[in-house]
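# A structural walkthrough
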Amino acid sequence: MGTPPGEYYTEERWNNWLDRLREEDVDPESDDAARLFFNLLDDATIAIAKIVTDYQDGELEDADAAVEELARIREIVLSEVEIDDEEKLTLVDGIQTSLVCAFYTAEEFIIGGPAAEGTVEEHLRAAAAAEDEDDLDTALAHCVQAGTLIVDGEELGMDVAEEIEYGLVADWINGLDSLGRALADPEVVEEDE
């Protein structure tokens with residue numbers, strides 16, 4: 001039996017992470033900040049991965065139920081966060097930006113399956129080129145297409161990711177990388193790590 005609807009990821013879980021972030025003294029340049037960033041990101045993408053996997057395994061009623069569950073979690077983790085510390089708020093913003101692509105990817109995969117054309121690398125290069133032209137809708141669309149291929153089992157070559165300059169596409173790739181790891185090894189991130 002799969003996870004009951006509403007239990008993939010809860011508002012309480014997200015708020016526990018945010019409370020921890022509020023309480024900790026976080027230097028944005030430190031390894032601790034990076035670890036906290038990736039724990040928060042991975043924790044949410046594990047829930048996204050479980051929905052995709054449960055949908056594929058027939059544990060969720062249908063595509064609509066899976067998309068509805070994704071929307072419920074998206075509403076929790078992409079809602080506006082109140083944190084007084086600007087550096088911590090920037091950290092959360094980076095997590096939320098990374099998650100945008102992971103959510104769209106899962107939804108696109110559930111509704112339409114993997115991209116029919118192109119490779120992960122081709123889509124990510126096209127996304128970077130579109131971002132250079134300030135065409136963010138096209139950039140996101142290419143990242144999502146790359147993401148559907150990753151969900152389908154293709155590798156995200158980090159050599160391509162490392163070539164891409166910091167910006168939205170780089171953040172979206174963080175989300176895809178996290179989603180790929182979650183699909184490969186869906187271990188729960190412990191909140192007290």
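Owing to the predicted nature of the structure, the values given are computational and were not obtained by experimental measurement.

### Considerations on the packing of aromatic side chains
- All chains considered together, the criterion is met by one aromatic pair.
- Geometrically, the ring pair formed by Phe37 and Phe38 is edge-to-face, given 4.9 Å between the ring centres and 85 degrees between the ring planes.

### Re the side chain of Gln96
- Tracing the sequence through the fold places Gln96 in helix H4 (residues 86-112).
- Ignoring sequence-local partners within four residues, the contact set of Gln96 consists of Trp14, Val77, Leu78, Ser79 and Val81.

### Points about the state of the cysteines
- All told, the structure shown has zero disulfides when counted by the stated rule.
- For Cys101, which is in no disulfide, the shortest distance to another cysteine sulfur is to Cys143 and amounts to 4.8 Å.
- Residue Cys101 is classed as buried on the basis of its relative accessible area, which comes to 0%.
- Residue classification places Cys143 among the buried positions, given a relative accessible area of 0%.

### Re the nonpolar core
- Core analysis: the biggest nonpolar cluster contains 40 residues, and Tyr9, Trp14, Ile48, Ile51 and Leu99 have the highest contact counts within it.
- For this core, the secondary-structure elements that each account for two or more residues are helix H1 (11-23), helix H2 (31-56), helix H3 (63-77), H4 and helix H8 (168-184).
- If you tally residues by element for this core, the top one is H2, at twelve residues.
- Here Tyr9 is in contact with Trp14, Trp17, Asp43, Ala44, Ala47, Arg72, Ile73, Ile76 and Val77, once residues within four sequence places are set aside.

Cut-offs and rules
- Each chain has its residues counted from 1, following the order in which its sequence is written.
- Owing to the predicted nature of the model, reporting of local features is limited to residues with pLDDT of at least 70; listing and counting of side-chain atom pairs is limited to 80 or more, with chain, interface and lining totals taken over all residues.
- Side-chain measures here rest on the full set of heavy atoms in the structure, leaving out hydrogens and waters.
- Two aromatic rings, drawn from Phe, Tyr or Trp (for Trp, its six-membered ring), form a pair once their centres lie within 6.5 Å of each other, and the interplanar angle then sorts them: stacked below 30 degrees, edge-to-face above 60, tilted otherwise.
- Numbering goes from the N terminus for both helices and strands, where a helix is a DSSP run of H or I of at least four residues and a strand is a run of E of at least two.
- Two residues qualify as a contact provided that any one of their heavy atoms is within 4.5 Å of a heavy atom in the partner residue.
- Cysteine sulfur pairs qualify as disulfides if the two atoms are within 2.5 Å.
- Type-normalised accessible area, obtained with a 1.4 Å probe on protein chains alone, sets the label of each residue: buried when under 20%, exposed when over 50%, and partly exposed for intermediate values.
- Among buried residues, the Ala, Val, Leu, Ile, Met, Phe, Trp, Tyr and Cys ones that are joined through side-chain atoms within 4.5 Å form a nonpolar core.

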